Each structure stands twice: as structure tokens, then as C-alpha cells.
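The residues making up each chain are set out below.
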2 protein chains.
Amino acid sequence: MRYEIVFSGSGGQGMILSGKITAEAAATYDKMHSTQTQSYGPESRGGMTEAYVIISDEPVDYPEITKADIIVALSQDGLDRQIRHIKDDTIIVVDEEFVNTAEVSKYKTFKAPFTNISREIMNSPISANMVALGMVTAISNNLSKEGMIETMKKNVPNGTEEKNVKAFEKGFELGSK
Amino acid sequence: MRYEIVFSGSGGQGMILSGKITAEAAATYDKMHSTQTQSYGPESRGGMTEAYVIISDEPVDYPEITKADIIVALSQDGLDRQIRHIKDDTIIVVDEEFVNTAEVSKYKTFKAPFTNISREIMNSPISANMVALGMVTAISNNLSKEGMIETMKKNVPNGTEEKNVKAFEKGFELGSK
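Since we're looking at a predicted model, the values are computed, not measured.

This next bit is on unusual backbone geometry. The residue asparagine 123 of chain A is not glycine, and still its phi comes out positive at about 55 degrees. Tracing the backbone through its elements, the reader meets asparagine 123 of chain A in the loop between helix H3 (114-122) and helix H4 (128-139). With phi around 60 degrees, lysine 31 of chain B is a residue other than glycine that occupies positive phi space. Here lysine 31 of chain B lies in the loop between helix H1 (15-28) and strand E2 (33-40).

This is the structure we're talking about:
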């Protein structure tokens, strides 16, 4: 078993934290092996950020993504850059406010207004990634909800845990439909 | 140019944060391309943690480490696991309180009591990794001191910046000798 998830967006959208939480939860709570890789370019301030997570039932000896099982894109560029990692059964998860999915309409797609949901919950777009993480957890069969929530709570600033859990739960609910 | 740095230690020693800061600083301040990869095993609580950073003057298309230019080990296991990544001119950086370097005595080695230095500065071992980062910055010719410090300040908890800079500066001083 080898399961590949990509989080792709712009700087500041929390893609790296999303990757870290997912990889950590998979190993710590779900007893899998995992790797996460981030690439940075010289333009990284406000530029692209991508986190690649690989989950496996054995040690991951090749951390480069091949084809993604899930692609999460919080920006249009974020999706466009990942076209090369799409296979027939890739599931695409996007923030519908920012990403047009016309070009990938033949793939299974989940859309939600992650950023707006975050705004409603915390008066800030900052937890859009947590809404997306909740959705990814519901869609994937490889991540336990409890493990993701516990790992998330350890990785967000003190005092923001409760609202982040709320954001995650909303995404989970939307992904379960 | 391709420069590979490994941070290897136990859970809680901040190896992942060290990798993140290094990769981010290289891209944001030093205008390089970089990747960082972490592996997690099912035993990751208190178990091994390793962060692999690759810095390059062109996009990194192969994020797997081959042979390391610098190996930072904050635990004996951390060093032992990295033996396979040593080449003739690898520089080995260890916390001398925890790591015996007899087995790697033919390689260039820098030793310092990172954990003790952190204890002296912050009454806590928590910034041992920052002392090590300072030393790595002094040893490597590929990272600017200013970029590393600025990136570090953005990545440590609010209110701890000053002490972390002090820890970094101490490591930098020891690495400059």
C-alpha cells in the first residue's frame, strides 16, 4: 500500500503544516510509515508552496510523488501545477472560491468554500487548510479522524485548538457526503 | 551545485524545525532552491526523527538524500542511522554529551555540548537544535547567517526569539573556530 497526497497552494495558506499533520498522524496514530516533502523556490514568499505526503505500510524509500491519490488545491496555480500528478482515479479537492475545475472535470472532485468557512468560524481565512484537512480525512480511507484531530491540536498555536477542531469537523462533514 | 544536510536525532529534539528553517532560509534569503523531507515511522513518538535538506542552484528534482555534506546528530542513534550517507568529505556535527564519534573518527567532526549550552541560555534543553543550526551555518558556505536568523525568528514561539538567537549565535561562534 502506498498512498500519495499533495497539498498545493500559495505561501501562507498552510500547505506545509497540513502535510506535516497528515504525515505525523499517519505514523503516530495509524501506525503507518510516512514521509513529507516540501519544495521551496527563490520566489517562496507569497509564491507557491506544496507539501507531498506519502503513507505506506512499509518504510517509504522513494519520497518523490509519482501520481497522487488526492490533490488538495487552495489556489488556481496550485491546481495547475499538479496536473502532471493526476491519474485516472485521483480525487481533487479544491477551494471553490479560488479554483476553477473545468479543466479537470473528468476527475472526481470535491469542492467547498474552505476559506469562507474559516472566516465564519475564526473571523480569519487562516484555517482554510484545516477545513480541507477534515475533508481529506473523510475522503481518504487511510487516516483516522481521531489521529488527525489530536495531531492537529499539537501543531496549532495554543488557544486556537478549539476553533481549528471546529474548522476540521466542518470539512469532515462536507467530505462525508 | 547540490548541497545536502541531514538533521538526525530523537523525537522532540527539533530536527524537523531545523530542516524547515534551513530549507526556507536557503530559498527566501539566499535565492536558492531547496527541499526538505521528513520520514516518520510508527514508532515516531520519542523515536527517530530525521530531516533531509537539499539546497541547489536549480530546482531539486530528486529530493532523496544521496550522500550528505553535513550530518547533524543530536543522539547516538541519530548518528548510527546516518552512517550510510557519509562520503569522504562529509562534515559531522554532534552533541558531544550524547554522541560518541569513535566510529567516525576519520571524518571531519565538530563537537559541542549543544544541549548544555541551551540549558545555560534558556534553562531548558529545547534550543539545542538552534545551537547546532548556528554551527551548521558557520561551517556551510551555502547559508547566510542573516537569512538563517530571520527565518528562525519567524519559526519559533513568540517571546522566545531573543534567547533562540543567543543559542544560534553561540553555535555560530563555535563553528567559526
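We are not done yet, so read on.
Residues and elements named next belong to chain B. It is the contact of helix H3 (residues 114-122) with helix H6 (residues 161-175), at a shortest axis distance of 10 Å, that shows an interaxial angle of 140 degrees. On the basis of the axis angle, H3 is oblique to H6. In this structure, the crossing between H3 and H6 has a hand that is right-handed. Residues Ile117, Ile121 and Met122 of H3 lie in contact with H6, whose contacting residues are Lys163, Asn164, Lys166, Ala167, Lys170 and Leu174.

As a further point, take the relation of the copies chain B and chain A. Overlaying chain B on chain A yields an RMSD of 0.0 Å, the required transformation being a rotation through 180 degrees with an accompanying axial translation of 0.0 Å. In symmetry terms, the pair is related by a two-fold rotation axis. The rotation axis passes nearest to the C-alpha of threonine 37 of chain B in chain B, at a distance of 2.1 Å. Both copies present the same face, since 100% of the interface residues in chain B are matched by interface residues at the equivalent positions in chain A.

Turning our attention to the sheet that holds strand E5 (residues 91-95) of chain A. The strand order E6(A)-E5(A)-E4(A)-E1(A)-E3(A)-E2(A)-E2(B)-E3(B)-E1(B)-E4(B)-E5(B)-E6(B) describes an open sheet built from 12 strands, whose pairing is mixed. Both edges of this open sheet fall to strand E6 (108-112) of chain A together with strand E6 (108-112) of chain B, since each of them pairs with a single strand only. Neighbouring strand axes in the sheet, compared pairwise and without regard to direction, differ in orientation by 15 degrees on average. Inspection of the sheet shows strand E2 (residues 33-40) of chain A paired to E2 of chain B by 7 bridges, in the antiparallel sense.

Moving on: the confidence of the model for chain A. Overall, the prediction assigns chain A a mean pLDDT of 93, with 97% of residues at 70 or greater. ipTM for the predicted complex: 0.80, alongside a pTM of 0.84.

Attention now moves to the interface of chain B and chain A. Interface size is commonly expressed as the accessible area that is lost once the parts come together. Contacts between chain B and chain A engage 25 residues on the former and 25 residues on the latter. Summed over both partners, the interface of chain B with chain A buries about 2100 Å², with 51% contributed by carbon and sulfur atoms. At the boundary of chain B and chain A, one finds 0 salt bridges. For the pair chain B and chain A, the number of links is 7 residue pairs in polar contact (both at pLDDT 80 or more). In terms of residue count, the dominant contributor to the side of chain B that touches chain A is E2 of chain B (8 residues). Grouping the amino acids of the side of chain B that touches chain A by side-chain chemistry returns 9 nonpolar, 10 polar and 6 charged.

Reading the values: rules and limits
- Throughout this description, residue numbers start from 1 for each chain and increase along the sequence as written.
- The lettering of chains begins at A and the numbering of ligands begins at 1, in the order of writing.
- A pLDDT threshold of at least 70 governs which residues receive local features in this predicted model, and a stricter bar of 80 or more applies before side-chain atom pairs are shown or counted, although totals over entire chains, interfaces and linings include all residues.
- The side-chain quantities take in all heavy atoms of the structure and omit both hydrogens and water.
- Helix and strand labels come from DSSP, where a helix needs a run of H or I of at least four residues and a strand needs a run of E of at least two; each type is numbered from the N terminus.
- As a rule, the C-alpha atoms of each element are fitted with a line to give its axis, helices using only the stretch in contact, and angles between N-to-C directions run from 0 to 180 degrees.
- In this scheme, roughly parallel covers angles under 35 degrees and roughly antiparallel covers those over 145, while 65 to 115 is roughly perpendicular and the rest are oblique.
- By convention, the crossing between two helices is left-handed when the near helix turns anticlockwise from the far helix through less than a right angle, and right-handed when the turn is clockwise.
- Any two residues whose heavy atoms approach within 4.5 Å are treated as being in contact.
- In this comparison the copies share one frame, found by least squares on the C-alpha atoms of residues holding pLDDT of at least 70 in both.
- Strand pairing is defined by DSSP finding a minimum of two bridges between the two strands.
- Each residue carries a pLDDT value, the predictor's own confidence for that position, ranging from 0 to 100.
- Note on terms: buried area is the combined drop in 1.4 Å-probe accessible area of two parts once they are placed together, counting the loss on both.
- One speaks of a salt bridge when a side-chain nitrogen belonging to Lys or Arg is within 4 Å of a carboxyl oxygen belonging to Asp or Glu.
- Nitrogen and oxygen atoms within 3.5 Å of one another constitute a polar contact, given that in protein one can donate a hydrogen and the other can accept it, and given that sequence-neighbouring residues count only through two side-chain atoms.
- Residue type decides the class: Asp, Glu, Lys and Arg count as charged, Ala, Val, Leu, Ile, Met, Phe, Trp, Tyr, Cys and Pro as nonpolar, and the leftover types, Gly among them, as polar.

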